[in-house]
Amino acid sequence: MPKAKGKSRRQKYSYNLNRKRLYRSARRRAAPRIACSHIRHAWDPTKSVAQNLAEMGLAEDPNKAVPIPRKKGWGTLEVLLASLPCFMVSVLCLEMEYEASLPEKKSNTLSRDLIDYVRYMIQNHGENYKVCTGCPRRVGGPFPAKELESSTE
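Residues numbered from 1 in each chain as written. Predicted model: local features only at pLDDT ≥ 70, side-chain atom pairs only at ≥ 80, totals over all residues. Heavy atoms only, no water.

1. Digging into the overall build of the chain
Assigned secondary structure in the chain consists of 9 helices and 0 strands. Burial analysis of the chain (153 residues in total) assigns 13% to the buried set. Here the chain has roughly 13700 Å² of accessible surface; of this, 57% comes from carbon and sulfur atoms. (Helix = DSSP H or I, 4+ residues; strand = E, 2+ residues; numbered from the N terminus. Buried < 20%, exposed > 50% of the residue type's maximum accessible area, 1.4 Å probe, protein only. Areas by Shrake-Rupley, 256 points an atom, 1.4 Å probe, with all protein chains shown as cover.)

Written out as structure tokens, the structure reads:
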């Protein structure tokens, strides 16, 4: 299949592009997005990964943070804890610890409007699911009686 005629010619230099901004935005898009918002806001792009994590009080390498005791003299816990490098507990660690201790929102329940609909049906019709299917206040189309019965349990 032949090539398009105009594609093989030399591209002209565009003077009205901000190449510095294009380079920066390309670098920003190429960098991975940090999922944790606390770490993302505390991150300094001018510093290295090791420096950033050390300032935040996080360990870069878990093997260096908590080494495996290979020597025979490391039997007690006090000796092991004394040999570990101490990390500074930063504000970032305290914020993350507080956020982790918050109770989780339960997301395994039904939607609010469906709960209200089922409550209305039980108040007006009780356990008679055949009458519920013919009710004019149906939400989201006709429900079979068996489906209504299973959603009330």
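2. Points about the side chain of histidine 38
Relative to the elements of secondary structure, histidine 38 occurs in helix 2 (residues 37–42). Overall, histidine 38 belongs to the buried group, its relative accessible area being 18%. Only 3.1 Å separates the side chain of histidine 38 from the side chain of glutamate 95, close enough to count as a polar contact. Every residue in contact with histidine 38, bar those within four places of it in the chain, is listed here: Leu92, Glu95, Met96 and Glu99. (Polar contact = N/O pair within 3.5 Å; in protein donor to acceptor, adjacent residues only side chain to side chain. Contact = heavy atoms within 4.5 Å.)

3. A look at the confidence of the model for the chain
Averaged over all residues, the pLDDT of the chain equals 78, while 73% of them reach at least 70. When mean pLDDT is taken per element in the chain, helix 1 (residues 19–30) scores highest with 91 and helix 5 (residues 77–83) scores lowest with 62. (pLDDT = per-residue confidence, 0-100.)

4. Brief notes about the pattern of salt bridges
Side chains that differ in sign of charge can pair as their charged atoms come close. Scanning all chains against the criterion turns up 4 salt bridges. In this structure, aspartate 116 engages arginine 112 in a salt bridge whose closest nitrogen and oxygen atoms are separated by 3.5 Å. One end of the pair, aspartate 116, and the other, arginine 112, are both in helix 7 (residues 112–125), 4 residues apart, so they sit about a helical turn from each other. Overall, aspartate 116 belongs to the partly exposed group, its relative accessible area being 32%. Exposure remark for arginine 112: the relative accessible area of 52% places this residue in the exposed category. One salt-bridge network, held together by shared partners, links Asp44, Lys47 and Glu55. (Salt bridge = Lys/Arg side-chain N within 4 Å of Asp/Glu carboxyl O.)

5. Some words on the packing of aromatic side chains
For the structure shown, the criterion picks out 1 aromatic pair. With a centroid separation of 4.8 Å and 75° between ring planes, the pair formed by tyrosine 13 and tyrosine 15 is classed as edge-to-face. Judged by relative accessible area, which is 73%, tyrosine 15 ranks as exposed. (Phe/Tyr/Trp six-rings, centres within 6.5 Å; stacked < 30°, edge-to-face > 60°.)

6. Focus on the nonpolar core
With 5 residues, the main nonpolar core is built from Tyr117, Val118, Met121, Cys132 and Cys135. Sorting elements by how many residues they give to this core places helix 7 first, with 3 residues. (Core = buried A, V, L, I, M, F, W, Y, C linked by side-chain atoms within 4.5 Å.)

7. Some points on helix 7
With 14 residues, helix 7 should cover 20 Å at 1.5 Å per step; its first-to-last C-alpha distance of 20 Å lies within 8% of that length. Among the residues making up helix 7, those that are buried are Tyr117, Val118 and Met121. Buried residues of helix 7, viewed axially, fall in a sector of 95°; they line one side. Within helix 7, the exposed residues directed more than 90 degrees away from the buried face are Arg112 and Gln123. Of the residues flanking the end of helix 7, it is glycine 126, one or two places downstream, whose phi is positive at about 70°. (Expected span 1.5 Å × (residues − 1). Arc of directions from axis to C-beta.)

8. A look at the layout of surface pockets
One number sums up the size of the largest pocket: a volume of about 540 Å³. Looking at the largest pocket, the residues that line it are Arg24, Arg27, Arg28, Ala31, Pro32, Arg33, Ile34, Arg40, Trp43, Pro45 and Lys47. It is helix 1 that provides the largest number of residues to the lining of the largest pocket, a total of 3 residues. Taken together, the residues that form the lining of the largest pocket break down as 5 nonpolar, no polar and 6 charged. (1 Å grid on protein atoms, 1.4 Å probe; cavity = no way out; pocket = protein on both sides within 12 Å on 5 of 7 lines; lining within 4 Å. Points joined across faces, edges and corners; volume = space filled by probe spheres on them. Nonpolar A, V, L, I, M, F, W, Y, C, P; charged D, E, K, R; others polar.)

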